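Listed below are the residues making up each chain.
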Amino acid sequence: MLSTISISSRQRTELIDITSEVQKAVNNSQILDGICVIYTPHTTAGITINENADPDVRRDIIAGLLHLNFEKVDFSHMEGNSPAHVKSSLIGCSETIIVENGKLLLGTWQGIYFCEFDGPRQRKVLVKILKG
Ligand code: ZN
């Protein structure tokens with residue numbers, strides 16, 4: 001089963017917690033055991049899993065990525081958003097999570113984030129749950 005999560009990012013760089021939306025997609029699939037693939041079909045965004053207990057971690061990931069010194073890089077891409085393309089490739093555009101007894105097998109402190117690097121924009125995340 002394939003689900004789509006629609007996202008309206010509000011900032012240029014932003015991490016948006018999508019854990020509950022992904023769990024909802026798992027619930028709707030009625031698949032109890034399998035694999036959940038979370039994928040974003042954009043070239044200036046990403047998907048990552050990290051701590052969702054302390055909101056400072058989310059802020060620090062953004063701060064760390066923004067600290068990468070792109071000013072000295074001689075980018076050619078005419079759109080002018082090469083830093084966003086690089087961040088997208090660093091983070092990656094998908095994650096895979098085991099589903100057991102209808103639940104995403106995330107650690108206690110883990111959440112799933114959509115990462116915006118060239119917002120604000122309308123975005124989408126695809127969620128595919130495979131039985132197995
Ligand atoms: Zn571009």
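Just above, that's the structure.
First, a word on what this report is: a plain description of the structure on this page. (Residues numbered from 1 in each chain as written. Predicted model: local features only at pLDDT ≥ 70, side-chain atom pairs only at ≥ 80, totals over all residues. Heavy atoms only, no water.)

Another aspect to go through is helix α3 (residues 82-91). Within the span of α3, buried status applies to Ser-82, Ala-84, Lys-87 and Ser-88. Buried residues in α3 make contact with β4 (45-51) and α2 (55-67). Just beyond α3, the residue with positive phi is Gly-92, at close to 95°. (Buried < 20%, exposed > 50% of the residue type's maximum accessible area, 1.4 Å probe, protein only. Helix = DSSP H or I, 4+ residues; strand = E, 2+ residues; numbered from the N terminus. Contact = heavy atoms within 4.5 Å.)

The next subject is the coordination of the zinc ion. At the metal site, the zinc ion is ligated by His-77 (NE2), Glu-79 (OE), Asn-81 (OD1) and His-85 (NE2), and these contacts range over 1.9 to 2.2 Å. Each of the 4 donor atoms bound to the zinc ion contributes to angles spanning 93 to 152°, and the resulting shape is irregular. In the primary sequence, the donor residues of the zinc ion line up as H-x1-E-x1-N-x3-H. Assessed through its relative accessible area of 4%, Asn-81 is described here as buried. (Donors = N, O, S within 2.8 Å, 3.2 Å for Na, K, Ca; no water. Tetrahedral: all angles 85-135°; square planar, octahedral: opposite > 155°, others 65-115°.)

Attention now moves to the nonpolar core. The tendency in soluble globular proteins is for nonpolar side chains to be buried as a group. Counting residues in hydrophobic clusters, the biggest one holds 21 residues, and the most contacted among them are Ile-18, Val-22, Cys-36, Ile-38, Ile-112 and Val-125. For this core, the secondary structure elements donating two or more residues are β1 (2-8), α1 (19-29), β3 (34-39), β4, β5 (94-100), β7 (110-116) and β8 (122-131). Formed by 7 residues, the second largest nonpolar core is a distinct cluster that contains Leu-15, Ile-62, Leu-65 and Tyr-113. (Core = buried A, V, L, I, M, F, W, Y, C linked by side-chain atoms within 4.5 Å.)

Another aspect to go through is the sheet that holds β8. A sheet is described by the order of its strands in space; here 5 strands give the open sequence β1-β8-β3-β5-β6, paired in antiparallel fashion. Both edges of this open sheet fall to β1 and β6 (103-104), since each of them pairs with a single strand only. The pairing of β5 with β6 spans 2 bridges and is antiparallel. Across the sheet, residue Glu-100 finds its bridge partner in β6, namely Lys-103. (Pairing = 2+ DSSP bridges.)

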